[in-house]
Amino acid sequence: MFDRQQMHKTILMSLVCLVVFSGCAGKKVETGEPVAKPAETTIGFKKVESPPWVTKGSGAFQDGGKKVFYGVGSASGIKNYSLLRSTADNRARNEVAKTFETYVASLMKDYAASTTAGDFSETSEEQHVEQAIKTVSSMTLSGVQIIDHWESPENQGLIFSLAMLDLNEFEQNLDKAKELNSKVKDYVRENAGKLHDELSKEVEKREEKAGQ
């Protein structure tokens, strides 16, 4: 038979326990340990700027007192990463080659004007000098180095390569070129730096126009 008095005691104990637990839940528990903060969420993405050389492009530059030629190449849409990178590297080297060939051609044009009164094309020396310069250029371009890479975070699969050629290497290779006579070598040594300065100034003007 159910004891009514016992039922009252059970209900009373249940109410007491409920009050005690509720009070504990409402109090701040001091454990001496720092309370973990919720993780902060950043909405949106900060735009990552590309390095300056990506936008400057290829050409003759003054860099830390050195006279250099820079070439910028890029590649995209190639799933094989090694092939993607090597393609960008080769294109950067080709850009250096284009700039350097223009540079050498200008040197020879100036040399012709200074030594043959503009009639350089009709002399047998023309072919000799051109062939010799090609040989020196080939030797020099073999020293082109890839010095940097940049991968676009906004355009996955797009990579840029930066190639560099130091003008000193070209001048040093003149001594190794037996095909060049002493007059040509002397002229190149005396005017290589001057022509490079002119080309670098053209690059600066191009950058100024682009920034306007």
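Structure: above.
Residues numbered from 1 in each chain as written. Predicted model: local features only at pLDDT ≥ 70, side-chain atom pairs only at ≥ 80, totals over all residues. Heavy atoms only, no water.

## Structural notes on the overall build of the protein chain
Inference 1: Scanning the protein chain from terminus to terminus reveals six helices and four strands.
Inference 2: Helices (α) and strands (β) of the protein chain occur, in sequence order from the N terminus, as α-α-β-β-α-α-β-β-α-α.
Inference 3: Evaluated residue by residue, the protein chain yields a buried proportion of 33% over its 212 residues.
Inference 4: Sequence-distant contacts in the protein chain: of pairs separated by 6 or more residues, those separated by 24 or more amount to 69%.
Inference 5: Counting every atom, the protein chain has about 14,900 Å² of accessible surface; 53% of that belongs to carbon and sulfur. (Helix = DSSP H or I, 4+ residues; strand = E, 2+ residues; numbered from the N terminus. Buried < 20%, exposed > 50% of the residue type's maximum accessible area, 1.4 Å probe, protein only. Contact = heavy atoms within 4.5 Å. Areas by Shrake-Rupley, 256 points an atom, 1.4 Å probe, with all protein chains shown as cover.)

## Things to note about the pairing of strand β1 (residues 59-63)
For a regular strand, the rule is simple: side chains alternate between the two faces of the sheet.
Inference 1: Bridging between β1 and strand β2 (residues 66-76) involves five bridges; their strand directions are antiparallel. Looking across to β2, one finds that Ala60 is bridged to Phe69.
Inference 2: Hairpin remark: β1 followed by β2, antiparallel, with two residues in the connecting loop; positive phi at Gly64, about 60 degrees. (Pairing = 2+ DSSP bridges.)

## Comments concerning helix α3 (residues 81-115)
Inference 1: The first and last C-alpha atoms of α3 sit 51 Å apart over 35 residues, in line with the 51 Å expected at 1.5 Å per residue.
Inference 2: With a side-chain oxygen lying 3.0 Å from the backbone nitrogen of Ser82, the N-terminal cap of α3 falls on Asn80. (Expected span 1.5 Å × (residues − 1). Polar contact = N/O pair within 3.5 Å; in protein donor to acceptor, adjacent residues only side chain to side chain.)

## Regarding the packing of aromatic side chains
Inference 1: Counting across every chain of the model gives seven aromatic pairs.
Inference 2: Ring centres 5.5 Å apart and planes at 85 degrees place the aromatic pair Phe69 and Phe100 in the edge-to-face group. Taken together, the positions of Phe69 in strand β2 and Phe100 in helix α3 put the pair 31 residues apart, joining distant regions of the chain. Considered together, Phe69 and Phe100 belong to a single accessibility category, that of buried residues.
Inference 3: On the basis of an interplanar angle of 65 degrees and a centroid distance of 5.0 Å, the ring pair of Phe69 and Tyr103 is categorised as edge-to-face. (Phe/Tyr/Trp six-rings, centres within 6.5 Å; stacked < 30°, edge-to-face > 60°.)

## Regarding the nonpolar core
Inference 1: Counting 26 residues, the largest nonpolar core has Phe69, Tyr103, Phe170, Leu180 and Val188 as its most contacted members.
Inference 2: Looking at this core, the elements with two or more residues in it are α3, α4 (125-141), β4 (158-166), α5 (167-174) and α6 (182-211).
Inference 3: Counting residues per element, this core draws most heavily on α3, which supplies eight residues.
Inference 4: In contact with Phe69, not counting residues within four places along its chain, are Gly59, Ala60, Val96, Thr99, Phe100, Tyr103, Ala163, Met164, Leu165, Leu167 and His196.
Inference 5: Residues Val68, Val72, Leu162 and Val203 belong to the second largest nonpolar core, which totals 12 residues. (Core = buried A, V, L, I, M, F, W, Y, C linked by side-chain atoms within 4.5 Å.)

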